[in-house]
Amino acid sequence: MPLKKSPMTNTSGAISSSYENILRFHFQNLRKRRSDKSKPPFSITKEFILRFNQTKNPKEKEELLDLAKKYILRCKRKLGLKTLGTGKHVNLPTAWTEVIYLAQCKGAIQDEALNMLYASVDHVSFEYDHLPALFFVAESVLYRLCCDASLKAYLYLVEIKLSKICYLVFLRLFIYFLHGHLESFKQHLLRLQPYAYALSFSGESYCKYPNIFSNVQFVLKTMEIICKRELLPGSIFSPVENKRQHKNIDSDMEHSQFNQEGYEINHLLWHCVAAWTCVQKNSAQLNKVLDHLICHKTQLQKKSWLDSVVALLVLGEAAKLNMACLKTLMDLMRDFLLSIMSVQKEDKSCKVDDFSWAWNVVYIYTTILAEICLYAATSNLRKTAFVGFCECKSSRKGILPMDKPEEPELRETSILGLLNYFSSKISENCEQVTWIVYYGLVYNLVKMSWELRGDEEDGLRNLIWQILLKTKEHEKDGRIHNAVNIAKAELNDPTDPFTSYSTKVSSNIGDEVFSKYIGWRIAITLSKLFFPSTDTCILPLKKPLIKRDQTKCLNKKQDSMKKRVLHITVREHPSISRFLMFPYPDFFAKGDEELARIIDHHWQKELKIRQKEEAICETEECKNKELEEKDHFREIMKRRQEKLHKQTKPYELPPRTEVISLEKKMAPQH
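Values in this document were obtained by computation on a predicted structure and should not be read as measured data. (Residues numbered from 1 in each chain as written. Predicted model: local features only at pLDDT ≥ 70, side-chain atom pairs only at ≥ 80, totals over all residues. Heavy atoms only, no water.)

Participant: Looking at this structure, how should I read the overall build of the protein chain?
Facilitator: Along its length, the protein chain carries 28 helices and zero strands. Looking at the 670 residues of the protein chain, the share that counts as buried comes to 45%. Carbon and sulfur atoms form 53% of the exposed surface of the protein chain, whose accessible area is close to 38300 Å². (Helix = DSSP H or I, 4+ residues; strand = E, 2+ residues; numbered from the N terminus. Buried < 20%, exposed > 50% of the residue type's maximum accessible area, 1.4 Å probe, protein only. Areas by Shrake-Rupley, 256 points an atom, 1.4 Å probe, with all protein chains shown as cover.)

Participant: Looking at this model, I keep getting lost on helix H2 (residues 46-54). Mind explaining?
Facilitator: Since there are 3.6 residues in each turn of an α-helix, residues three or four apart along the chain are aligned in direction. All buried positions along H2 are accounted for by Phe 48, Ile 49, Phe 52 and Asn 53. Viewed end-on, H2 has its buried residues packed into an arc of 120 degrees, placing them on one side of the element. (Arc of directions from axis to C-beta.)

Participant: Which parts of the structure should I look at to understand unusual backbone geometry?
Facilitator: Residues other than glycine predominantly adopt negative phi, and peptide bonds predominantly adopt the trans conformation. Of note in the backbone geometry, Leu 84 takes a positive phi value of approximately 55 degrees without being a glycine. Structurally, Leu 84 is set in the loop between helix H3 (58-79) and helix H4 (92-102).

Participant: Sorry, what's going on with the pattern of salt bridges here?
Facilitator: In the structure shown here, the tally under the stated rule is 17 salt bridges. Arg 74 is paired through a salt bridge with Glu 98; the nearest N and O atoms lie 3.3 Å apart. Within this pair, whereas Arg 74 is found in helix H3, its partner Glu 98 is found in helix H4, the two being separated by 24 residues in sequence. The burial state of Arg 74 is the same as that of Glu 98; both residues are buried. Between Lys 228 and Glu 224 there is a salt bridge, with its nearest N and O atoms 3.5 Å apart. With a gap of four residues between them, Lys 228 and Glu 224 both fall in helix H10 (residues 210-230), about one helical turn apart. The exposure class assigned to Lys 228 is partly exposed, which follows from its relative accessible area of 26%. Glu 224 sits in the buried class, given a relative accessible area of 5%. (Salt bridge = Lys/Arg side-chain N within 4 Å of Asp/Glu carboxyl O.)

Participant: Help me understand the environment of Thr 277, please; the structure alone is not making it clear to me.
Facilitator: Mapped onto the fold, Thr 277 is located in helix H13 (residues 267-281). Residue Thr 277 is classed as buried on the basis of its relative accessible area, which comes to 2%. C-alpha separation for the pair Thr 277 and Ala 523, spaced 246 residues apart in sequence, amounts to 8.3 Å. Residue contacts for Thr 277: discarding those within four places in its chain leaves Ser 527, Phe 531 and Leu 595. At a separation of 3.0 Å, a polar atom in the side chain of Thr 277 contacts the side chain of Ser 527. (Contact = heavy atoms within 4.5 Å. Polar contact = N/O pair within 3.5 Å; in protein donor to acceptor, adjacent residues only side chain to side chain.)

Participant: I'm lost on the packing of aromatic side chains in this one. Help?
Facilitator: The description of an aromatic ring pair uses the distance of the two centres, along with the angle that the planes make with each other. Inspection of the entire model under this criterion finds 17 aromatic pairs. Aromatic rings pair up to connect Phe 48, Phe 52 and Tyr 71 into one cluster. The positively charged end of Lys 164 is found above the aromatic ring belonging to Tyr 118, 4.5 Å away from the centroid. Lys 447 extends its terminal NZ or CZ atom over the ring of Phe 514, reaching a point 4.7 Å from the ring centre. (Phe/Tyr/Trp six-rings, centres within 6.5 Å; stacked < 30°, edge-to-face > 60°. Lys NZ or Arg CZ within 6 Å of the ring centre and 35° of its normal.)

Participant: Is there a simple way to think about the confidence of the model for the protein chain in this case?
Facilitator: Summarising the model, the protein chain shows a mean pLDDT of 78, and 70% of its residues fall at 70 or more. Note that residues 494-507 has pLDDT below 50 and, in this model, 24 contacts with residues that lie over four places away or in other chains. Within the model, the stretch residues 556-584 combines pLDDT values under 50 with four contacts to residues more than four positions away or in other chains. (pLDDT = per-residue confidence, 0-100.)

Participant: Please explain empty space enclosed by the protein as it appears in this structure.
Facilitator: It is the rolling of a water-molecule-sized probe over the atoms that shows where space remains empty. Following the criterion strictly, the structure yields five cavities of 30 Å³ or more and no others. In this model, the largest cavity occupies a volume close to 320 Å³. If you go around the largest cavity, you meet 22 residues; those closest to its centre are Tyr 118, Tyr 167, Asn 215, Thr 367 and Lys 447. Counted by class, the lining of the largest cavity contains 11 nonpolar, seven polar and four charged residues. (1 Å grid on protein atoms, 1.4 Å probe; cavity = no way out; pocket = protein on both sides within 12 Å on 5 of 7 lines; lining within 4 Å. Points joined across faces, edges and corners; volume = space filled by probe spheres on them. Nonpolar A, V, L, I, M, F, W, Y, C, P; charged D, E, K, R; others polar.)

Participant: Looking at this structure, I do not really get the nonpolar core. What am I missing?
Facilitator: Inside soluble globular proteins, nonpolar side chains tend to come together where they are buried. Judged by nonpolar contacts, the single largest core of 181 residues is most densely connected at Trp 96, Phe 386, Met 448, Ile 522 and Leu 526. Counting residues per element, this core draws most heavily on helix H7 (residues 157-179), at 16 residues. Among residues more than four places away in sequence, those in contact with Phe 386 are Cys 373, Ser 414, Ile 415, Leu 416, Leu 445, Met 448, Leu 460, Leu 463, Ile 464 and Ile 467. (Core = buried A, V, L, I, M, F, W, Y, C linked by side-chain atoms within 4.5 Å.)

Participant: Can you help me understand the packing of H7 against helix H15 (residues 305-319) in this one?
Facilitator: When two helices pack together, their arrangement is captured by the angle between the axes and the distance separating the axes. Running from N to C, H7 and H15 point in directions that differ by 100 degrees, and their axes come no closer than 12 Å. In terms of their interaxial angle, H7 and H15 are classed as roughly perpendicular. Contacts between H7 and H15 involve Tyr 167, Leu 171, Phe 174 and Ile 175 on the former and, on the latter, Leu 306, Asp 307, Val 310 and Leu 313. Split by residue class, the contact of H7 with H15 holds seven nonpolar, no polar and one charged. (Axes fitted to C-alpha atoms, helices over the stretch in contact; angles between N-to-C directions. Parallel < 35°, antiparallel > 145°, perpendicular 65-115°, else oblique.)

Participant: Mind showing me how you'd approach a negative patch on the surface here?
Facilitator: There is a patch of like negative charges on the surface, built from Glu 613, Glu 614, Glu 618, Glu 620 and Glu 621. The topology assignment puts Glu 614 in helix H27 (residues 587-644). (Patch = residues over 30% accessible without salt bridge, like charges linked within 9 Å, V, L, I, M, F, W, Y side chains within 5 Å. Lys, Arg positive; Asp, Glu negative; His and termini not counted. Charge placed at Lys NZ, Arg CZ, Asp CG, Glu CD.)

Participant: I keep staring at the environment of Leu 290 and nothing clicks. Help me out?
Facilitator: By secondary structure assignment, the location of Leu 290 is in helix H14 (residues 286-295). The class of Leu 290 is buried, set by a relative accessible area of 5%. Once the C-alpha coordinates of Leu 290 and Thr 328 are considered, the two residues, 38 residues apart in sequence, prove to be 7.0 Å apart. If we ignore the near neighbours within four places in the chain, the residues touching Leu 290 are Ala 275, Ala 324, Cys 325 and Thr 328.

Participant: Would you mind showing me how to read the state of the cysteines here?
Facilitator: Working definition of a disulfide: a covalent bond connecting the sulfur atoms of two cysteines. One pass over the structure, following the stated rule, counts zero disulfides. Cys 325 carries a free sulfur, and the closest cysteine sulfur to it, the one in Cys 278, is 8.5 Å from it. The buried category is assigned to Cys 325, whose relative accessible area is 0%. (Disulfide = S-S within 2.5 Å.)

Participant: How should I be thinking about the side chain of Ser 339 in this particular structure?
Facilitator: Take Ser 339: it is sitting in helix H16 (residues 323-345). Not counting chain neighbours up to four residues away, the residues in contact with Ser 339 comprise Gln 301 and Phe 355.

Structure below.
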């Protein structure tokens, strides 16, 4: 990076004092838990990390490298990378701590440790017991990103990986926050505030790299919302408190309404979770849910973009399984982009809405589209996400056309549709959204090409390769070429995506390019939170330990309750026999009924609100009509008075005195 930064004080690879205090504090808690257990035959220590980073003896290097590889294998087993974090052998809090230690080692061990941590945080389910270790990972990664990586003069691969891990960790913390599980972790949030405050000044360093800057903005936004809710009475400062935000208070605080009950979820997120639930249960209510979802598309334009991102993630998971959900997702983004571009065309002095945050939502949407192209259930879904719904072949023929039209049209928000639109609008003085979306598309295409290597059906990879080749030949913007170089560095792949075509690579577990499971985990958790049923439980809390004396009392109470139960037979109540003739509804029928009941309840509320609004509009229209009729009548009377010199209304008899006088005049004189 062409920025002047302060020189590094820790260049030898040793652990700094403050980071050492973080690790020491965490391991003291672990030692208290393991006081009754024997010490393992080999464990990761500070001395091992110092020897690994500072030794110059080649023989000792080989021995330490072999030992570090053993640590890696043990951590892989404890993380459960092959079983999605499940199994008796899995111990996530200990494994996450050991992986953070291994990430201090230089070279390939550091890269592999960070890859393992990224894969684990991606696919692990949401459990309350994971929160202390998750806060430790958040604090450790934030420290490395703020106090170590950002002080370097150039962009390093470690910064890219740390920002990706930060995004997943704070996305998980936001889901825990929605469940109300962060109330007892205020001390942990206070420890994160200084690092978040330091991270808020990294905009100049990462603004040229949207893949990192997007993750940083997500972390800051999450900390802002959580701290303003959980630490409002006792917090000294906000994590992203600066001069601009003192002047312009974020409007999503008004939208999200922090009350005593909790964080208010917007309707868009609720309907996206409802759509995913309908897809999972094959419910007939899906089309109605999607229709109502489209009615709330304007909520995507509000500054509460954290809810919008989570909503798009959940709807993206539904789009991997259902074509109607994919069409709704693309229509939402098309309407959102058109509204942004229309505001940007207006005069800057007449700004009504500030969409400076909108690029975060669109950039994450490009990543969701790339994941749908790779991991959707059917080839038709993958093809539609890439090419679009248009059956004509003009989209394929016009891949990155050289003759750029003056006013391009945004027909579809597929990958090709977005490429054709934003590649024709790129320039040195273009809007921020334009070049960032174009950057994100090219960046994700390189990663998709790498992910599809060795695939038997290589038609999609061939098309991606052609797009990247045309981009390299014809695109002159350095920011777009930056996207290709950074994607290659992130993949840690020396091969050139423009020249390599038929190389087959064995995919290793842990070397994940995209986050494959986090959206699925979030959709499951939010579905249980928004639509709880008797068969499923919400995110489990920590189970209290029950002593033996308490179990005896519980057993006695249960025995006494069994004695009090009344056994009703069919002979005593013949109506029960009639009821038993009908089959009981299965799990899916119960789920459909409950989901329909909840949706109907919310729809009835919306109908009442709309009826009230329509009644108000009708009364206003009636008043306006009456006023118009009165004005019209006054004009008629005014014209009548001017022409006939009469003040009476049309077809109105004159007063009695006038009639008598007229009769006298018309009477014959004798």
